[in-house]
Amino acid sequence: MTSFFEGIGDLFVNHLFWPLDQLRHMHSWWGANFINWTLAAIGFAAFIYWMLQLKKFSDNDEEDKSVSSHSYL
């Protein structure tokens, strides 16, 4: 059973995380943080898209916002 977990550890450390290990040894801060900047840009774009969708549905006035919309209120 120990060799199974060592195999999983070897898979991640030596194979799947190899690109991230290469980024760690770069001398350029911008190059090493390229993945972080990319994920931040994707997250920011998704946030803007989500807010625009919420505004579109809010401006449509189809939702019942009265206090008595649910029986438990």
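Keep in mind the model is a prediction, meaning the values are calculated, not measured.

Trainee: Kindly report on the overall build of the protein chain, identifying the contributing residues and their values.
Mentor: Looking only at helices and strands, the protein chain has four helices and zero strands in total. Per-residue burial over the protein chain gives 4% buried out of 73 residues. Accessible surface, the protein chain as shown: approximately 7000 Å² in total, 68% of it carbon and sulfur.

Trainee: With reference to specific residues and values, describe helix α4 (residues 34-59).
Mentor: Helix length check: α4 (26 residues) gives 37 Å between terminal C-alpha atoms against 38 Å at 1.5 Å per residue, within 8%. Just downstream of α4 lies D61, where phi reads positive at about 55°.

Trainee: Before we move on, can you summarise the packing of aromatic side chains with the specific residues and values?
Mentor: Taken as a whole and assessed by the stated rule, the structure comprises five aromatic pairs. With a centroid separation of 4.9 Å and 90° between ring planes, the pair formed by W29 and W30 is classed as edge-to-face. Judged by centre distance (6.1 Å) and plane angle (75°), the rings of W29 and W37 are edge-to-face. Of the residues examined, W37 reaches a relative accessible area of 44% and is grouped as partly exposed. Among the aromatic residues, those joined into a ring-pair cluster are W29, W30 and W37. Above the face of the F57 ring, K56 is positioned so that its terminal group lies 5.4 Å from the ring centre.

Trainee: How would you sum up the pattern of salt bridges? Please name residues and give values.
Mentor: Under the counting rule described, the total for this entry stands at one salt bridge. Its salt-bridge partner being D59, residue K55 comes within 2.8 Å of it at the nearest N-O pair. Here K55 pairs with D59, and both are found in helix α4, just four residues apart, close to one helical turn.

What counts and how
Residues numbered from 1 in each chain as written. Predicted model: local features only at pLDDT ≥ 70, side-chain atom pairs only at ≥ 80, totals over all residues. Heavy atoms only, no water. Helix = DSSP H or I, 4+ residues; strand = E, 2+ residues; numbered from the N terminus. Buried < 20%, exposed > 50% of the residue type's maximum accessible area, 1.4 Å probe, protein only. Areas by Shrake-Rupley, 256 points an atom, 1.4 Å probe, with all protein chains shown as cover. Expected span 1.5 Å × (residues − 1). Phe/Tyr/Trp six-rings, centres within 6.5 Å; stacked < 30°, edge-to-face > 60°. Lys NZ or Arg CZ within 6 Å of the ring centre and 35° of its normal. Salt bridge = Lys/Arg side-chain N within 4 Å of Asp/Glu carboxyl O.

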